Amino acid sequence: MSTLTLPPLPGLVPCARQLVVPIVEQTRLARDTYRLRLASPELANAVVPGQFFMVRPPGQTDPLLGRPFALYDVWLDASGEPGGIDLVYLVVGKMTGVMRTWQAGESVEIWGPLGNGFPLLTCDKLLIVAGGIGNTPFPAVLREALGLHRYGTEAGLDHGPRHVARPLAPADITLCYGVRSAEFLAGVDHFESLGIDLKLATDDGSRGHKGFVTQPAEEWLKTHTATPAAGRTGPKLAVYCCGPEPMMHAVARLAAKYQAPCWLSLESPMACGFGACFSCVTKVKQPDGDWDYRRTCVEGPIFPAEVLDL
Amino acid sequence: MPNLAVELNRLHLANPILVASGTFGYAREMAAFVPFSKLGGIVPKTITAEPRRGNPPPRTVETASGLLNSIGLDNDGLETFLAKHLEYLVGLGTKVIANIAGHDREEFLQMSGRLGGIEGLSGIELNISCPNVSGGVDFGVDPARTEAIVRGVREVCGLPIVAKLTPNVTDIVAIAQAAQSGGADAVTLTNTFQGMAIDWKHRKPILGNVIGGLSGPAIKPIVLRMVYQVARRVPGLPIIAVGGIGSLNDVMEFLVAGASAVQIGTANFYNPTLAGKLVDELDAALASEGLASVREIVGTLKTP
Ligand SMILES: Cc1cc2nc3c(=O)[nH]c(=O)nc-3n(C[C@H](O)[C@H](O)[C@H](O)COP(=O)(O)OP(=O)(O)OC[C@H]3O[C@@H](n4cnc5c(N)ncnc54)[C@H](O)[C@@H]3O)c2cc1C
Ligand SMILES: Cc1cc2nc3c(=O)[nH]c(=O)nc-3n(C[C@H](O)[C@H](O)[C@H](O)COP(=O)(O)O)c2cc1C
Ligand code: FES
């Protein structure tokens, strides 16, 4: 038999597992927005920022399928060890409506970690653009970027323990976070406590900039891509974005205009989360200039904006 | 230890628990969840002669205890399948049954001829029942076409042949009889039921392809009825049952109704470790019933 040397399929996570884990607590963070705290040191040690989990109530058929939720962050127990994971969800439909009724002590079925996660940070200045519930991947991203926690420490991971060689200072990170109205803002106290440059926007002007979050994002891009003084090179930039599709498309166009590398975290509907069903596809550009439908759950959910056929 | 082996004419399996086409990817995707060598067999995603992009998203939507899909046979085509997935699949220590769909009889014959010469494959499942391919003729609704395709494949391909039937017919028994006349070693009952979901506020279908196929617990009673009818009325034709199986009780019901083997489909999505666990659970259930072999329970339904 010949030994084929094919690259492993991107994004398959060998350390993914299916577990039934207990709920530690549920906390309301904002209007229709809750934080679900789950106990599972295993999952906490395996996951990296930008990955997600599939969640469902065990032993039921309606709702039937798991739903994808991004890692919000890993929580530490009293001894400072990872005790489990936090997920934050917005109530929008059948499953999230059921999730809201879950109580501490009950169990949930969960499989993951899944997906590729954000690339390991190598930039000097990071712009994060979050729209609505699209802010959920970023607490973990920020904690890693600031050098405050090491993710993916579990031995035997294909991606290995993640190590950010040069953590950023809080002042080098800007988070532009936009929601419909101030009552939907979740986790703002936490973001403020990190000392990062936080720019809030609301559609109705009830807090921060009135209008789209893309406006402060464009100002940042304009400032940071201004021609550097003679003899100096500009900072290495990165833009991370998650939110409603039209917003992500707008951010991708802006990043392209200012030639800043940009990654989008897509929220395609998913049935399995691990590559088996081919339902979560998005158009991805191919080397021959054409496009193909690719699975968001394994090749993403995070894609460099330039490979997406938006 | 009860004997779990089953023989479906020329197709011999170590146990009756298989996984269904289109719900297990190319197996790689399930490596973190399922010890493959435990399974009776794997049916990878349908292969077509040429690459197909598949249907536009949204491709799936959940309904009450069910899943509607319109994936549209998204795959890279036969030659890429052979180059990229075959070697991995046949090295997993379980039987691999390739599932193919052709545009017409000729294409079915060409593909099965090519696959017949491939070492390591244990059988071929003919998808004459996919509801998601616009323009394609649904061979599985016509007994004469069904028989002609199965017979033709049998002539060009030495592998055991399983015909996967569509439930979207008036008389499933007639189609099963046609598959048997054509020389099928077994039939898989069934593919998905045509259905749709509507977002009435926007006056729009939810699926990108408008119509899709329904699977999951919602369809189980209907498939159970079809398995029962075919088992009673088409003697000598082994049945592989697939439709809403999500637990060992579901497996046992299908065996009692007359299936010789089962496939786990949609349940792989919402309970990815299930298929691997069912083999041990089946073993334990047969032992507790005092049965020496799984064959002793097949078709044991007592009807008035
Ligand atoms: C990688 C990834 C990470 C994610 N992370 C998060 C996260 O951290 N937090 C979070 O809150 N969400 C997240 N999501 C989105 C989340 O998965 C969905 O909000 C969730 O699946 C909704 O489930 P549900 O059953 O409550 O809604 P569903 O009932 O499935 O509805 C989903 C959406 O479809 C609409 N819809 C449903 N049925 C119909 C119908 N008949 N007609 C019209 N519209 C309909 C609903 O209004 C809703 O907007 C993520 C998604 C992905 C892919
Ligand atoms: C997302 C999805 C994709 C499927 N793709 C295929 C396919 O490519 N070929 C095929 O023969 N059947 C396909 N099926 C049908 C299943 O193999 C099975 O026959 C059907 O789903 C009923 O079983 P279940 O209720 O256990 O899922 C697919 C089903 C689903 C849900
Ligand atoms: S969600 Fe099933 S393949 Fe991506």
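Computed from a prediction, not measured in an experiment: that's the story for all the values here. (Residues numbered from 1 in each chain as written. Chains lettered and ligands numbered in written order. Predicted model: local features only at pLDDT ≥ 70, side-chain atom pairs only at ≥ 80, totals over all residues.)

## Let's talk about the overall build of chain A
- Each helix and strand in chain A was counted, giving seven helices and 16 strands.
- Relative to the 2.2 N^0.38 estimate, which gives 19 Å for 310 residues, the radius of gyration of chain A is 19 Å and therefore close to what a compact globule would have.
- Counting only C-alpha atoms and orienting by the principal axes, one finds that chain A spans roughly 65 × 60 × 40 Å.
- Taking all 310 residues of chain A together, 48% fall into the buried category. (Helix = DSSP H or I, 4+ residues; strand = E, 2+ residues; numbered from the N terminus. Rg over C-alpha atoms; globule rule 2.2 N^0.38 Å. Buried ≥ 20, exposed ≤ 12 C-beta atoms within 10 Å, placed from the backbone.)

## Points about the overall build of chain B
- Looking only at helices and strands, chain B has eight helices and 16 strands in total.
- Relative to the compact-globule value of 19 Å for 304 residues, chain B shows a C-alpha radius of gyration of 18 Å, a close match.
- Looking at chain B as a whole, 57% of its 304 residues qualify as buried.
- Relative to all contacts within chain B whose residues are 6 or more apart in sequence, the contacts with residues 24 or more apart total 72%. (Contact = placed C-beta atoms within 7 Å.)

## Brief notes about the interface of chain B and chain A
- At the junction of the two partners, chain B supplies 33 residues and chain A supplies 31 residues.
- Counting only elements with at least two residues in the side of chain B that touches chain A, the list comes to β5 (60–63), β6 (66–69), α1 (78–90) and α7 (267–270) of chain B.
- When its residues are assigned to classes, the side of chain B that touches chain A shows 14 nonpolar, 11 polar and eight charged. (Nonpolar A, V, L, I, M, F, W, Y, C, P; charged D, E, K, R; others polar.)

## Some remarks on the site of ligand 1
- Around ligand 1, the structure places 23 residues, and the nearest of them are G93, M95, T96 and T136 of chain A together with D199 of chain B.
- Chain contributions to the surroundings of ligand 1 come from chains A and B.
- Looking at the shell around ligand 1, you find at least three residues from each of domain 1 (17–114) and domain 2 (125–307) of chain A. (Near = placed C-beta within 6 Å. Domains from an automatic or database assignment.)

## Focus on the domain arrangement of chain A
All names here are of chain A.
- Taken domain by domain, chain A consists of domain 1 (17–114) and domain 2 (125–307).
- Elements represented by at least two residues in the side of domain 1 that touches domain 2 include exactly β1 (17–30), α1 (41–46), β3 (52–56), β4 (67–70), β5 (73–76), β6 (82–90) and β7 (107–114).
- Residues that form the side of domain 1 that touches domain 2 fall into these classes: 18 nonpolar, four polar and two charged.

## Quick look at the packing of helix α6 (residues 248–257) of chain B against helix α8 (residues 274–288) of chain B
Residues and elements named next belong to chain B.
- Close contact between α6 and α8 brings their axes to 10 Å; oriented N to C, the two are set at 60°. Considering only the axes of α6 and α8, their crossing is right-handed. Touching L248, V251 and M252 of α6 are L278, E281, L282 and A285, all from α8.
- Residues of the contact of α6 with α8, tallied by class, amount to six nonpolar, no polar and one charged. (Axes fitted to C-alpha atoms, helices over the stretch in contact; angles between N-to-C directions. Left-handed = near helix turned anticlockwise from the far one by under 90°.)

## As for helix α5 (residues 214–224) of chain A
Residue and element names in this part refer to chain A.
- By the burial criterion, the buried members of α5 are T214, P216, A217, W220 and L221. Angularly, the buried residues of α5 cover 160° about the axis, an arc narrow enough to put them on a single face. Exposed residues pointing more than 90 degrees away from the buried face of α5 are listed as K222 and T223.
- Contacts made by the buried residues of α5 are with β8 (125–131), β9 (173–179), β10 (197–202), β11 (209–210) and α6 (245–257). (Arc of directions from axis to C-beta.)

## As for the packing of helix α3 (residues 143–156) of chain B against helix α4 (residues 172–182) of chain B
Residue and element names in this part refer to chain B.
- As a packed pair, α3 and α4 sit with axes 7 Å apart at the nearest point and diverge in direction by 25°. It follows from the interaxial angle that α3 and α4 lie roughly parallel. Remark: the crossing between α3 and α4 carries right-handed chirality. Contact residues: α3 offers P143, T146, E147, V150, R151 and R154, while α4 offers A174, I175, A178, A179, S181 and G182.
- Of the residues in the contact of α3 with α4, the class split is six nonpolar, three polar and three charged. (Parallel < 35°, antiparallel > 145°, perpendicular 65-115°, else oblique.)

## Concerning the nonpolar core
- One finds V251 of chain A together with V187 and V227 of chain B to be the most contacted residues of the largest nonpolar core, which totals 190 residues.
- Shared between two domains, this core holds at least three residues of each, these being domain 1 (17–114) and domain 2 (125–307) of chain A.
- In contact with V227 of chain B, other than residues within four places in its own chain, are L189, I239, A241, F254, A257, G258 and A259 of chain B. (Core = buried A, V, L, I, M, F, W, Y, C linked by C-beta atoms within 7 Å.)

## Topic: the site of ligand 2
- Near ligand 2 there are 26 residues, and of these A20, G22, S215, G265 and T266 of chain B occur at the shortest range.
- Residues within reach of ligand 2 are spread across chains A and B.
- Counted by class, the shell around ligand 2 contains nine nonpolar, 15 polar and two charged residues.

## Considering the sheet that holds β5 of chain B
Residue and element names in this part refer to chain B.
- A sheet is described by the order of its strands in space; here four strands give the open sequence β5-β6-β14-β11, paired in antiparallel fashion. Only two strands of the sheet have a single partner each, and these edge strands are β5 and β11 (193–196). Across this sheet, the average inter-strand angle for adjacent strands is 40°, counted without regard to direction.
- Looking at chain direction, β6 and strand β14 (residues 211–215) are connected through three bridges and run antiparallel. (Pairing = 2+ DSSP bridges.)

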